[in-house]
Amino acid sequence: MLHYALKRLVSLAISLLVASLVIFVVVEVAPGDPASFMLGINAQPDTVAALRTELGLDQSKFDRYRSWVGGMLTGDFGTSYTYRTPVSQMIADRLWVSLPLALYALTLSTLIAFPAGIFAAARRGGIGDLGVTGATQLGVAIPNFWFAMMLVLIFAINLRWFSAGGFPGWDRGVWTGMKALTLPAIALALPQAAILTRVMRSSLLDILGEDFIRTARAKGLSSRQALWRHGLRNALIPVLTIIGLQFAFLLAGAIIIEQVFFLPGLGRLIFQAITQRDLIVVESVVMLLVFAVIVVNFVVDLAYAAVDPRLRART
Amino acid sequence: MSLLDIRNLSLSIHGKPILKDISVSIRQGEITALTGESGSGKSMTAFATIGLLPRGSVTTGEILFDGSNLLTRSESDLCDLRGRDISMVFQEPMTALNPVQTIGAQVMETILIHGAMTSSDAKARTRDVLDRVGLPPDRFPLTRYPHELSGGQRQRVVIAMAIALRPRLLIADEPTTALDVTTQAQILDLLKGLVSEQNMALMMITHDLAVVSDMADTLNVMRAGEIVEHGATFDVLRDMRHPYTRQLFDASRHQAKLSTAKAETPLLSVENVSRDYALPRTSLFGSRPMFRAVNRVSFDIKRGERVGLVGESGCGKSTLTRAILGLEPIQEGQITLDGDPVWQDGHPNLAVRRKMQVVFQDPYGSFNPRHRVSRLITEPFHLLTDPPKGADKDAAIADALTAVGLNPADADKHIHAFSGGQRQRIAIARALIIRPDLIVFDEAVSALDVRVRAQILDLMADLSRDYGLTYLFISHDLSVVRSITDRVLVMRAGEIVEDRPTPAVFEAPEHPYTRTLIDAAPQLPAFPETQDAARPAF
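Everything quoted here is computed from the prediction, not taken from an experiment.

Peer 1: Looking at this structure, how should I read the interface of chain A and chain B?
Peer 2: Many descriptions give the size of an interface as the accessible area lost when the pieces come together. Each partner contributes to the interface: chain A provides 27 residues, whereas chain B provides 32 residues. A combined buried area of about 2,600 Å² lies between chain A and chain B, and 58% of that area is made up of carbon and sulfur atoms. The largest contributions to the chain A side of the interface with chain B come from Arg214(A), Ala218(A) and Lys219(A), which together make up 24% of the buried area. Joining chain A to chain B, the criterion identifies 3 salt bridges. Of the charged contacts, one joins Glu75(B) and Arg217(A) as a salt bridge, the two residues approaching to 3.3 Å between their closest N and O atoms. Between the two partners, chain A and chain B, sit 14 residue pairs in polar contact (both at pLDDT 80 or more). When residues of the side of chain A that touches chain B are traced back to their parent elements, those giving at least two are helix H1 (2-29), helix H9 (211-218), helix H10 (223-252) and helix H14 (309-314) of chain A. Here the side of chain A that touches chain B gets 6 residues from one element, more than from any other, and that element is H9(A). Of the residues contributing to the side of chain A that touches chain B, the split by class is 7 nonpolar, 8 polar and 12 charged.

Peer 1: Honestly, the sheet that holds strand E10 (residues 226-232) of chain B in this entry has me stumped. Any pointers?
Peer 2: In sheet architecture, strand pairing relies on hydrogen bonds along the backbone and comes in two forms, parallel and antiparallel. All names here are of chain B. Strand order in the open sheet formed by 6 strands is E6-E7-E8-E3-E9-E10, and the pairing between neighbours is mixed. A single partner strand is all that each edge strand has here, and the edge strands are strand E6 (86-89) and E10. Taken pair by pair, the neighbouring strands of this sheet meet at an average axis angle of 15°, ignoring direction. With 6 bridges connecting them, strand E9 (residues 218-223) and E10 associate as antiparallel partners. Looking at the pairing, asparagine 220 lines up with histidine 230 of E10. Across the sheet, helix H6 (residues 181-198) is in contact with strand E3 (31-35), strand E7 (169-173) and strand E8 (201-206); its angle to E8 comes to roughly 155°.

Peer 1: Would you take a moment to explain the layout of surface pockets for this structure?
Peer 2: Leftover empty space is mapped by rolling, across the atoms, a probe with the size of a water molecule. Within this model, the second largest pocket holds a volume of roughly 1,100 Å³. Lining the second largest pocket we find 33 residues, and of these Arg217(A), Ser223(A), Leu53(B), Pro54(B) and Arg55(B) sit closest to its centre. When contributions to the lining of the second largest pocket are tallied by element, the ones reaching two or more residues are helix H5 (87-122), helix H8 (174-208), H9 and H10 of chain A together with helix H1 (42-50) and strand E4 (57-65) of chain B. Of all the elements, H1(B) adds the most residues to the lining of the second largest pocket, at 5 residues. Tallied by class, the residues present in the lining of the second largest pocket amount to 18 nonpolar, 7 polar and 8 charged.

Peer 1: Whenever I open this one, the sheet that holds strand E20 (residues 471-475) of chain B confuses me. Can you help?
Peer 2: Residue and element names in this part refer to chain B. Ordered in space as E18-E19-E20-E13-E21-E22, the 6 strands form an open sheet in which the pairing is mixed. Each having just a single partner strand, strand E18 (356-359) and strand E22 (495-501) make up the two edges of the open sheet. Averaged over all pairs of adjacent strands, the angle between their axes in this sheet comes to 20°, without regard to strand direction. Where helix H10 (residues 317-324) meets the sheet, it contacts strand E13 (306-310), E18, strand E19 (438-442), E20 and strand E21 (487-492), and its direction lies at approximately 155° from that of E20. Relative to the sheet, helix H18 (residues 512-520) contacts E21 and E22, its axis offset from that of E21 by approximately 100°.

Peer 1: I tried to follow the pairing of E8(B) on my own but got confused; where do I start?
Peer 2: Within a regular beta strand, the side chains point alternately toward one face of the sheet and then the other, so they alternate between its two faces. Residues and elements named next belong to chain B. Counting buried positions along E8 yields 6 of 6 residues, so the element is predominantly enclosed. Both E3 and E8 contribute to a ladder of 5 bridges, which runs parallel. Counterpart to threonine 35 in the pairing with E8 is threonine 206. Pairing of E7 with E8 involves 5 bridges; the strand directions are parallel. Considered in E8, the bridge of isoleucine 171 is made with methionine 203.

Peer 1: I'm lost on the packing of aromatic side chains in this one. Help?
Peer 2: Aromatic ring pairs are described here by two measures, namely the spacing of the ring centres and the angle between the planes. Throughout the structure, instances matching the rule amount to 7 aromatic pairs over all chains. Between Phe24(A) and Tyr65(A), the ring centres sit 5.2 Å apart and the planes meet at 65°, which makes this aromatic pair edge-to-face. Placement of Phe24(A) in helix H1 and of Tyr65(A) in helix H4 (residues 61-73) is noted, with a sequence separation of 41 residues between them. By relative accessible area, Tyr65(A) is classed as buried at 13%. With a centroid separation of 5.3 Å and an interplanar angle of 85°, the aromatic rings of Phe441(B) and Tyr471(B) are classed as edge-to-face. A residue pair is termed long-range when its members are at least 10 positions apart, and Phe441(B) in strand E19 and Tyr471(B) in strand E20 qualify at 30 residues. One exposure class covers both Phe441(B) and Tyr471(B), and it is buried. Connected via pairs of aromatic rings, a cluster forms that spans Phe24(A), Tyr65(A) and Trp68(A). Sitting over the ring of Tyr244(B), Arg223(B) keeps its end group 5.1 Å from the ring centre. In this structure, Arg275(B) packs its charged tip against the face of Tyr277(B), placed 4.4 Å from the ring centre.

Peer 1: Just checking my understanding: could you explain the pattern of salt bridges for this structure?
Peer 2: As a working rule, side chains carrying opposite charge can pair if their charged atoms are close by. Residues and elements named next belong to chain B. All told, the structure shown has 42 salt bridges over all chains when counted by the stated rule. One salt bridge in this structure joins aspartate 239 and arginine 238, with 3.0 Å as the shortest N-O distance. The partner of arginine 292 in a salt bridge is glutamate 332, with the nearest N and O atoms 3.2 Å apart. With arginine 292 in strand E12 (residues 290-302) and glutamate 332 in strand E14 (residues 332-337), the pair connects residues that are 40 residues apart, well separated along the chain. Through salt bridges with shared partners, a single network forms among Asp235, Arg238, Asp239 and Arg241.

Peer 1: Explain the domain arrangement of chain A to me, please; I cannot follow it from the model alone.
Peer 2: All names here are of chain A. Looking at chain A, the domain boundaries give domain 1 (35-76) and domain 2 (89-313). The distance between the C-alpha centroids of domain 1 and domain 2 comes to 38 Å. Contact with domain 1, which involves 6 residues of that partner, is made by 6 residues of domain 2. At the boundary of domain 1 with domain 2, total buried surface from both sides reaches about 640 Å², with 75% on carbon and sulfur atoms. The largest contributions to the domain 1 side of the interface with domain 2 come from Phe37, Met38 and Trp68, which together make up 76% of the buried area. Viewed at the interface, domain 2 and domain 1 are joined by 0 salt bridges. Taken together, the links from domain 1 to domain 2 amount to 1 residue pair in polar contact (both at pLDDT 80 or more). Every element with two or more residues in the side of domain 1 that touches domain 2 is listed here: helix H2 (34-39) and H4. By residue class, the composition of the side of domain 1 that touches domain 2 is 5 nonpolar, 1 polar and no charged.

Peer 1: I'm lost on helix H5 (residues 151-163) of chain B in this one. Help?
Peer 2: One turn of the α-helix equals 3.6 residues, which is why residues spaced by three or four share an orientation. Over its 13 residues, H5(B) runs 18 Å from end to end, which matches the ideal 18 Å to within 8%, given 1.5 Å per residue. For H5(B), the tally of buried residues reaches 13 of 13 residues, placing the bulk of the element in the interior.

Peer 1: Would you take a moment to explain unusual backbone geometry for this structure?
Peer 2: A negative phi holds for most residues other than glycine; trans holds for most peptide bonds. Even without being glycine, Arg160(A) reaches a positive phi, approximately 60°. With respect to the helices and strands, Arg160(A) occurs in the loop between helix H7 (144-158) and H8.

Peer 1: Got a minute to help me understand the packing of H5(A) against H8(A) in this structure?
Peer 2: Closest axis-to-axis distance for the H5(A)/H8(A) pair is 5 Å, and the angle between their directions is 35°. Every pair of crossing elements has a handedness; the one defined by H5(A) and H8(A) is right-handed.

The rules behind the values
- Residues numbered from 1 in each chain as written.
- Chains lettered and ligands numbered in written order.
- Predicted model: local features only at pLDDT ≥ 70, side-chain atom pairs only at ≥ 80, totals over all residues.
- Heavy atoms only, no water.
- Contact = heavy atoms within 4.5 Å.
- Buried area = accessible area lost by both parts, 1.4 Å probe.
- Salt bridge = Lys/Arg side-chain N within 4 Å of Asp/Glu carboxyl O.
- Polar contact = N/O pair within 3.5 Å; in protein donor to acceptor, adjacent residues only side chain to side chain.
- Helix = DSSP H or I, 4+ residues; strand = E, 2+ residues; numbered from the N terminus.
- Nonpolar A, V, L, I, M, F, W, Y, C, P; charged D, E, K, R; others polar.
- Pairing = 2+ DSSP bridges.
- Axes fitted to C-alpha atoms, helices over the stretch in contact; angles between N-to-C directions.
- 1 Å grid on protein atoms, 1.4 Å probe; cavity = no way out; pocket = protein on both sides within 12 Å on 5 of 7 lines; lining within 4 Å.
- Points joined across faces, edges and corners; volume = space filled by probe spheres on them.
- Buried < 20%, exposed > 50% of the residue type's maximum accessible area, 1.4 Å probe, protein only.
- Phe/Tyr/Trp six-rings, centres within 6.5 Å; stacked < 30°, edge-to-face > 60°.
- Lys NZ or Arg CZ within 6 Å of the ring centre and 35° of its normal.
- Domains from an automatic or database assignment.
- Expected span 1.5 Å × (residues − 1).
- Left-handed = near helix turned anticlockwise from the far one by under 90°.

Written as structure tokens, this is what we have:
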């Protein structure tokens, strides 16, 4: 198991290195001058030259890459050109919204999907299964911004249970923060839950058709006992994969929902940085997201091994 | 009184009749066999008995266990009964165990689910039964996972689960079909021992009459959902009152009439061939350890010769086959066909490849279901530099189909229109169509029912006579190899341990391993009055 984890860790480090190289090459080395791109076509030559010096574009490519990576390792992500504040501070502020929101949404979607998927699989072809499958169709089909607006209309405007948007910050208490994130989390969780339910259901149905389920039944387990004791753990592998992908998506893919609810999250940050051509911010946020995806995959890999002894053995 | 008494059982699934008026009875301590070809309903009879029929099943009749009708018992009653009074062992040991639970936990579950004892007693009992089925504690602690065991060992675990609570009835559905002959003999012995020790009743389901004749006290021959003949095993096999029983019996020991081969010029030459596989790394930066699957193997096949290659699973016969076909590179030695190497400069040699064709085991998985037969069997044409076109192509298709006993009009059909045996004929037509010098039959009749198998073997003998075929016939089944080859290679652990003419190998095996294989294979009894009795059953 330790060997397996070490091996994954090495592959994690290599992936990060390759990703940082690719991002650096695409943003900084690719044809075109980052400084004149950031300032637009009407910029004065001396302004461009000043920015070039600030960005360190006069140094060699290797030195620039080294100082970029070295900076990130020490927590220095550079300074935003647009806002003139350290990028690390901007990201940290946004992460305090995006990370809890992603975890909140993921928890909700898992809490919905597991019972719904298991319920449907246990009643394959029955009314319950049809109901769940139909609901997941709907969940995948409804655009989440529309669903978000409906949530605002019902729970914020009519019932006044939640505020319609904005984020008051965590200083006003965990509960207030959570409350502000609840409607966005539900809006984000719905389509994810629909997808995850389907994966859970089909994965479990595959497993329930396996020979060892029949063996379990022949031992005297009821079909429900066989499902819980022998089906569920075996069905988890594809489900874990999807959960890993969803987390990565939720972290940065919430742009629309963040817009609908006026949340200062990572998605909005990257959107603004791109429109303002603030390459320093773009580069750092993209690297951060890549880091998140790779770390989540690492955790998912460890979870696989915890679930399946064959992976531990294969090392 | 019988322990199990199935009376007039009929079963239909989604309206389709599966069993018709089945009656079987088994006494305590008795072994009863259900035999017949695939689709005859033997497994469904077992599933009906243990109450695990698929959805949409409708049953009539009675299944009396200890006098009470199982068909009218509630599901929770049946759950109590399963595993405690009636247990079942299945065909496929590789998939019958949960891969993420230890073998100890899985055997113990049978005991705990019935609340039969405390968990420490259950653990002791688990250890006992694992010992009993031949899995001693030093090599097989309870913490082992199924993937760490071989097929035969897994089947022992499945048997341990089934007998942990000493059931009165054990149902074994083809328990040794997926196993090698030597393992099969051990498992059959184990089952026989358990029956006599625990005075258990055993319902044994098998397609193999040789296994039946060795094991069962009584025999039920099934065909298309009906029992056509039943009685004491010896009487049924001696009298064979029903023609179907005789057909099965004759097909089981069918000897194809092989014409004498005129084999002089060498065709295939395998010299000192070794094949290594890289295993997963054991340390992070170390080199990968190697596993030698084939170790310095040498043999020749002459033109017109029919050679068998036998060995148990994992002996390297499939690896050797792939190397001969030029599908994989070899690490040592040389394989040549007609003097040309099959693998040259890091690539398979196409000039040689078009002289070889292969027929695989699975008649269902080896065809693209979207293509018509004409396209399927002309696939080897792409190996030719100048493939026949138009009328020539149609003639080639018609010839190939006629040669394997099909109708040229079948060329326009899709593969789903054909039975398993017909599909194997099509596979042979596909191999024949470019008139290869060498055909490799890789377990080509192993998946077929005995009567179909006999027909395919006859077809091979006919083709061998008409076309002067040279083939390499790979099989784990010695009886089949005996009837269809001139010479046998016996392979064990990557090496060829015996290479002699077929009759010599079977009548006087030289290598002890060959003898073990021949002794382990179950044999049909030879009754003097039956025809062909002069030939031994193999």
